[in-house]
Amino acid sequence: MFSIILSTAVRYLFPLMLLFSVFLLLRGHNDAGGGFVGGLVAAAAFALYAIAYGVPAARRTLGVDSRVLISLGLLVAVGSGLWPVFSGQPFLTGVWAKPTLPVLGKVGTPLLFDVGVYLAVVGVMMTIILTLAEE
Amino acid sequence: MSLPDLILLVALPLLSLTMMLAFVRLVRGPSLPDRVIALDLIGTLGMGMIALYAIARNQPALLDVAIVLALLSFLGTIAFARYLERRV
């Protein structure tokens, strides 16, 4: 059931969707977007890849086990919440770095929290989609 | 007639009419491929409506919604096509 049209389309659509998901992630803390939507778009890109090239190829492209991504994302999110606790502020206080980076803009723990959400959402969606596609 | 008026009074009603016709095809469609194409057309029309509304109300943030909808409705149509191919 390999389709040359679909695989050619996916070859340029896949990096484009991943790029757009990172764009949504980085913009999330002060505009429309965020880790959740970005993670969903990234998971959709991998689902498209799995449809075009098969589930084993999608697993190889993902690199790590999708369940590792879930725990890694939760760890990053909790870590971003614990960061201000060490300087005596309440849990999950937003701490921003003073200098702004040229591309990212303001960088701080809310962005780190969004990265955690992104990883967790990609992990959960890939676990669900790849398991269902293997049936 | 200014551009926002043109969009709100002419273009969006025409797109709504098209969406109703596509919905008729979705309900009546003799075969399953007809229904899949009608659903794809409804997704494309929704995209066009969001883009036009973003222009009329000068809200560029809405264009991101149109992009996400474009990517995901394409994915939905591909999944339907795969299901049809496997079933026949």
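The following paragraphs examine the structure supplied in this document.

## A look at the environment of A56(B)
Residue and element names in this part refer to chain B.
Okay, so step 1: Mapped onto the fold, A56 is located in helix α2 (residues 32-57).
Okay, so step 2: Given a relative accessible area of 9%, A56 falls into the buried group.
Okay, so step 3: In sequence terms A56 and P4 are 52 residues apart; their C-alpha atoms lie 4.3 Å from each other.
Okay, so step 4: The residues touching A56, leaving out its near neighbours within four places in the chain, are P4, I7 and L8.

## Concerning the pattern of salt bridges
Where side chains of opposite charge bring their charged atoms close, a pairing between them can arise.
Residue and element names in this part refer to chain A.
Okay, so step 1: By the definition in use, this model includes three salt bridges over all chains.
Okay, so step 2: A salt bridge links E134 to R59, with the shortest nitrogen-to-oxygen separation between them at 3.2 Å. Of this pair, E134 sits in helix α5 (residues 109-134) while R59 sits in helix α3 (residues 55-62); the two residues are 75 residues apart in sequence, bridging distant segments of the chain.

## Brief notes about the interface of chain A and chain B
Okay, so step 1: Counting residues at the interface gives 13 residues for chain A and eleven residues for chain B.
Okay, so step 2: For the chain A and chain B pair, buried surface summed over both sides reaches about 1,300 Å², with 81% attributable to carbon and sulfur atoms.
Okay, so step 3: The interface formed by chain A and chain B holds one salt bridge in total.
Okay, so step 4: Between R27(A) and D64(B) there is a salt bridge, with the nearest N and O atoms lying 2.4 Å from each other.
Okay, so step 5: Our count for the contact surface shared by chain A and chain B stands at one residue pair in polar contact (both at pLDDT 80 or more).

## Points about the nonpolar core
Okay, so step 1: Among the nonpolar cores identified, the biggest contains 33 residues, and V10(A), M17(A), V41(A), L48(A) and M126(A) are the most heavily contacted of them.
Okay, so step 2: Those elements that place two or more of their residues in this core are α1 (4-27), α2 (35-53), α3 and α5 of chain A together with α3 (62-87) of chain B.
Okay, so step 3: With eleven residues, the top contributor of residues to this core is α2(A).
Okay, so step 4: Leaving out residues up to four positions away in the same chain, M17(A) has contacts with V41(A), A44(A), A45(A), L48(A) and L71(B).

## Overview of the packing of aromatic side chains
Okay, so step 1: Taken as a whole and assessed by the stated rule, the structure comprises four aromatic pairs over all chains.
Okay, so step 2: What links up through ring pairs into an aromatic cluster is the set F14(A), F46(A), Y49(A) and Y53(A).

## Points about the side chain of D64(B)
Okay, so step 1: Looking at the secondary structure, you find D64(B) in helix α3.
Okay, so step 2: On the basis of relative accessibility, which here comes to 12%, the residue D64(B) falls in the buried class.
Okay, so step 3: Dropping the residues within four chain positions of it, D64(B) is found in contact with F20(A), F23(A) and R27(A).

## A short note on the environment of G34(A)
Residue and element names in this part refer to chain A.
Okay, so step 1: Inspection of the secondary structure assignment puts G34 in the loop between α1 and α2.
Okay, so step 2: G34 sits in the buried class, given a relative accessible area of 6%.
Okay, so step 3: On a C-alpha basis, the gap between G34 and A50 in space is 24 Å, while along the polypeptide they are 16 residues apart.
Okay, so step 4: If we skip the residues at most four places from it in the chain, G34 touches L24, L25, G28 and D114.

Rules used in this analysis
Residues numbered from 1 in each chain as written. Chains lettered and ligands numbered in written order. Predicted model: local features only at pLDDT ≥ 70, side-chain atom pairs only at ≥ 80, totals over all residues. Heavy atoms only, no water. Helix = DSSP H or I, 4+ residues; strand = E, 2+ residues; numbered from the N terminus. Buried < 20%, exposed > 50% of the residue type's maximum accessible area, 1.4 Å probe, protein only. Contact = heavy atoms within 4.5 Å. Salt bridge = Lys/Arg side-chain N within 4 Å of Asp/Glu carboxyl O. Buried area = accessible area lost by both parts, 1.4 Å probe. Polar contact = N/O pair within 3.5 Å; in protein donor to acceptor, adjacent residues only side chain to side chain. Core = buried A, V, L, I, M, F, W, Y, C linked by side-chain atoms within 4.5 Å. Phe/Tyr/Trp six-rings, centres within 6.5 Å; stacked < 30°, edge-to-face > 60°.

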